[in-house]
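Per-entry structural report
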Amino acid sequence: MGRLGGCVNTGSARSRLVSWVVGVSVISMLFATGATACVALPAPAPPQPPDCTDPVCPLAAAARGRGIRVGAAVEADDLISNPAVADAVRRHFTSVTTENALKLSVVRPSPTLWNWGPADTVVAFAETNDLEVRGHTLAWVNESGSQNGLPAWMRDLNDPSEFRTAILDSVSAVVGRYQGRVDRWDVVNELFEYPVGVQAPSAFDRLGPDYVAELFEVAHAADPGAELWLNEVFTEVFPAKGDALVALVSSLRDRGVPIHGVGLQTHLTLSPAAPNPGSVSGLVARLRALGVEVAITEFDVPLGPLRTEQQQVDIYRQVTAECLSAGCTEITVWGVGDAFTTLDTAGQRQNNPLLAAFFSLPSTPLLLDVNLRPKAAYAAVVAALQRTPTPG
Ligand code: G3I
């Protein structure tokens, strides 16, 4: 929803919080006084692109034409239970990411129980439909919100050698099972603290100070042909995390550790403001200079009172173009369509109060609408894929 002009009272506590985070001083002063302020009124939504019923829709066609991947996170249950979801994935995307199926909490819920069904479903679907697979994720480090993908029994193994055996055996078993079938792995996910670039304390510290390198080595031994990636969140808003990523990747590459890519999640859920121009392309360029691939791996851009649909479109266009201009090889969104976003779940909103404060429910953050039809943001990403020059 765009805005034209009008006057409203602006004195609520929520508005004050919004103004603090957005950091716009004039708006801040108006909100703090509770005065009546003139702000924008709803304007027409951007035009929607026509629906696509072709076997290969413009997003997938543009990605294939450019030689990069466009992906979506998927759940096995949705592929099985909803033919429209399976159909949309095979027509609009060229890659799938296992949203939860390959987290150890799902794959190995107890020491003796291996639950391969969901991951097998996603991988088989990808093979049938000529899609690539990003395996997500072997070691989710930052424990904020206790959502780090480790099963409780593993997190509770305080004896370092027992923990080591459990983790390393699991990583070997999971990567080994899908050898030659999962193209690339998020080996380590969300390593750094918010907002600073220091490694988050976690259960993984029981492996010793160089565990990141060790996890990559173990995954590489299990499938020498797979690409191994580090995946991080909020680098577009916290430059210190980007600096820490660059320093770590540089050190791993210098030591010959098998790391092939860095994923920038790009969940734009901390503030309605667009990423600073150049923040995405600058980081991508620094990482690419180290000899690794870079991708956007979990893109979503929720709407709210301070982020209109037109702004969503513009942000999708800007971030995609920046990433591609610096040499990104993948753009993946975190959900097939707006009906499947994780941002509308209670757990996400409890774990990220700013998401709850700034963004609507439903937040409609993705490229396909609730009926799996392309949105204006979809057309913007297609245009960026078609028009952004590749780096020389
Ligand atoms: O499957 C169980 C179900 O049996 C149970 O009834 C239900 C009750 O709560 O929970 C279900 O599991 C939930 C699971 O999603 C599947 O829906 C978990 O509680 C819930 O914690 C889990 O949330 C996932 C979250 O990671 C934590 O693992 C989200 O779906 C998933 O989108 C989200 O993805 C993360 C990435 O892995 C890393 N980057 C951030 C991203 C978004 O938070």
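Residues numbered from 1 in each chain as written. Predicted model: local features only at pLDDT ≥ 70, side-chain atom pairs only at ≥ 80, totals over all residues. Heavy atoms only, no water.

**Some details on the overall build of the chain**
Keep this limit in mind: Starting at the N terminus, helices and strands are each numbered in turn, a helix being any DSSP run of H or I of at least four residues and a strand any DSSP run of E of at least two. Each residue is assigned to one of three classes by its accessible area relative to the maximum for its type, calculated with a 1.4 Å probe on protein chains only: buried under 20%, partly exposed between the two thresholds, exposed over 50%. What makes two residues a contact is simply this: any of their non-hydrogen atoms within 4.5 Å. For accessible areas, the Shrake-Rupley method is used with a probe of radius 1.4 Å. Any residue's cover is judged against the shown protein chains and nothing else.
Scanning the chain from N- to C-terminus turns up 16 helices and 12 strands. Across the 392 residues in the chain, those meeting the buried criterion constitute 53%. In the chain, 80% of the contacts between residues at least 6 apart in sequence involve partners at least 24 apart. In the structure as shown, the chain presents an accessible area of about 15,400 Å², 57% of it carried by carbon and sulfur atoms.

**Quick notes on the site of the ligand**
Formally: Whether a residue is near a molecule or strand is decided by its heavy atoms; if any one of them lies within 4 Å of it, the residue is near. We call two N or O atoms a polar contact when they sit within 3.5 Å, provided that within protein one can donate a hydrogen and the other can accept it, with sequence-adjacent residues counted only if both atoms are side-chain atoms. In this analysis the probe radius is 1.4 Å and the grid spacing 1 Å, with only protein atoms considered; a cavity is a set of points the probe fits into but cannot get out of, a pocket is an open set with protein on both sides within 12 Å along at least five of seven lines, and lining residues have an atom within 4 Å of a point. Just a note on the criterion: a molecule sits in a pocket or cavity if more than half of its atoms are within 2 Å of the grid points.
In the vicinity of the ligand, 15 residues are found, and the nearest of them are Glu-99, Lys-103, His-136, Glu-190 and Glu-298. Here Asn-100 contributes a side-chain N or O atom positioned 2.9 Å from an oxygen atom of the ligand. Note that a nitrogen atom of the ligand is positioned 3.2 Å from one of the side-chain N or O atoms of Gln-265. Here the ligand, which alone exposes 790 Å², has 51% of that area covered by the protein. Put simply, the ligand lies in the largest pocket.

**Re the sheet that holds strand 8 (residues 184-189)**
Defined as follows: Any two strands are treated as partners once DSSP identifies two or more bridges connecting them. For every element, the axis is a line fit to its C-alpha atoms; helices are fit only across the contacting stretch, and the angle between N-to-C directions ranges from 0 to 180 degrees.
Spatial ordering of the closed barrel is given by 5-6-7-8-9-10-11-12, a layout of 8 strands whose pairing is parallel. Each strand of the sheet is rotated relative to its neighbour by a mean of 25 degrees, with strand direction disregarded. Judged from the 5 bridges that link them, strand 7 (residues 132-140) and strand 8 form a sheet pairing that is parallel. Residue pairing in the sheet places Arg-134 in a bridge with Arg-184 of strand 8. In the packing of helix 11 (residues 239-254) onto the sheet, the strands contacted are strand 9 (227-232) and strand 10 (261-264), and the crossing angle to strand 9 comes to about 155 degrees.

**Focus: the state of the cysteines**
Where we set the bar: The criterion for a disulfide is a pair of cysteine sulfur atoms lying within 2.5 Å.
The final tally for this structure, using the stated rule, is 2 disulfides. A sulfur-sulfur separation of 2.1 Å characterises the disulfide bridge that pairs Cys-52 with Cys-57. Sign of the S-S torsion, about -95 degrees for the bond between Cys-52 and Cys-57, identifies this disulfide as left-handed. Here Cys-57 falls in the buried class, since its relative accessible area comes to 0%.

**Focus on the pattern of salt bridges**
Our working rule: A carboxyl oxygen of Asp or Glu within 4 Å of a side-chain nitrogen of Lys or Arg is what we treat as a salt bridge.
Under the counting rule described, the total for this entry stands at 19 salt bridges. The partner of Asp-369 in a salt bridge is Arg-373, with the nearest N and O atoms 3.3 Å apart. Among the charged side chains, a network of salt bridges with common partners joins Arg-69, Glu-132, Arg-134, Arg-184, Asp-186, Glu-227, Glu-293 and Glu-330.

**Quick word on the layout of surface pockets**
Note the cut-off: Grid points are joined across faces, edges and corners, and a volume is the space filled by probe spheres set on the points. Under the scheme applied here, ten amino acids are nonpolar (Ala, Val, Leu, Ile, Met, Phe, Trp, Tyr, Cys and Pro), four are charged (Asp, Glu, Lys and Arg), and all others, including Gly, are polar.
Each pocket or cavity is described by its volume, and for the largest pocket that value is around 950 Å³. Looking at the largest pocket, it is lined by 44 residues, and the ones nearest its centre are Tyr-194, Val-233, Phe-234, Thr-269 and Asn-352. Elements represented by at least two residues in the lining of the largest pocket include exactly helix 1 (13-22), strand 7, helix 14 (346-351) and helix 15 (353-358). Of the residues belonging to the lining of the largest pocket, the class tally is 19 nonpolar, 19 polar and 6 charged.

**Here we look at the confidence of the model for the chain**
For clarity, the cut-off: Known as pLDDT, the predictor's per-residue confidence is scaled from 0 to 100.
For the chain, mean pLDDT is 89; residues scoring 70 or higher make up 88% of the total. Confidence over residues 1-39 falls short of pLDDT 50; this stretch has 69 contacts with residues more than four positions distant or in other chains.

**Points about the packing of helix 13 (residues 309-325) against helix 16 (residues 376-387)**
Quick note on the threshold: Any angle that is under 35 degrees is reported as roughly parallel, and any over 145 degrees as roughly antiparallel; angles of 65 to 115 degrees are reported as roughly perpendicular and all others as oblique. Less than a right angle of anticlockwise turn of the near helix away from the far helix marks a crossing as left-handed, whereas a clockwise turn marks it as right-handed.
Contact pair helix 13 / helix 16: the axes reach a minimum separation of 8 Å and the direction vectors enclose 25 degrees. Between helix 13 and helix 16, the angle is such that the two are roughly parallel. For the element pair helix 13 and helix 16, the recorded crossing hand is right-handed. Residues Glu-309, Gln-312, Val-313, Tyr-316, Arg-317, Thr-320, Ala-321 and Leu-324 of helix 13 pack against Ala-376, Ala-377, Ala-380, Val-381, Ala-384 and Leu-385 of helix 16. Grouping the constituent residues of the contact of helix 13 with helix 16 by class yields 10 nonpolar, 2 polar and 2 charged.

**Some details on the environment of Pro-353**
Tracing the backbone through its elements, the reader meets Pro-353 in helix 15. Taking C-alpha positions, Pro-353 is 8.8 Å from Leu-270, a pair spaced 83 residues apart along the chain.

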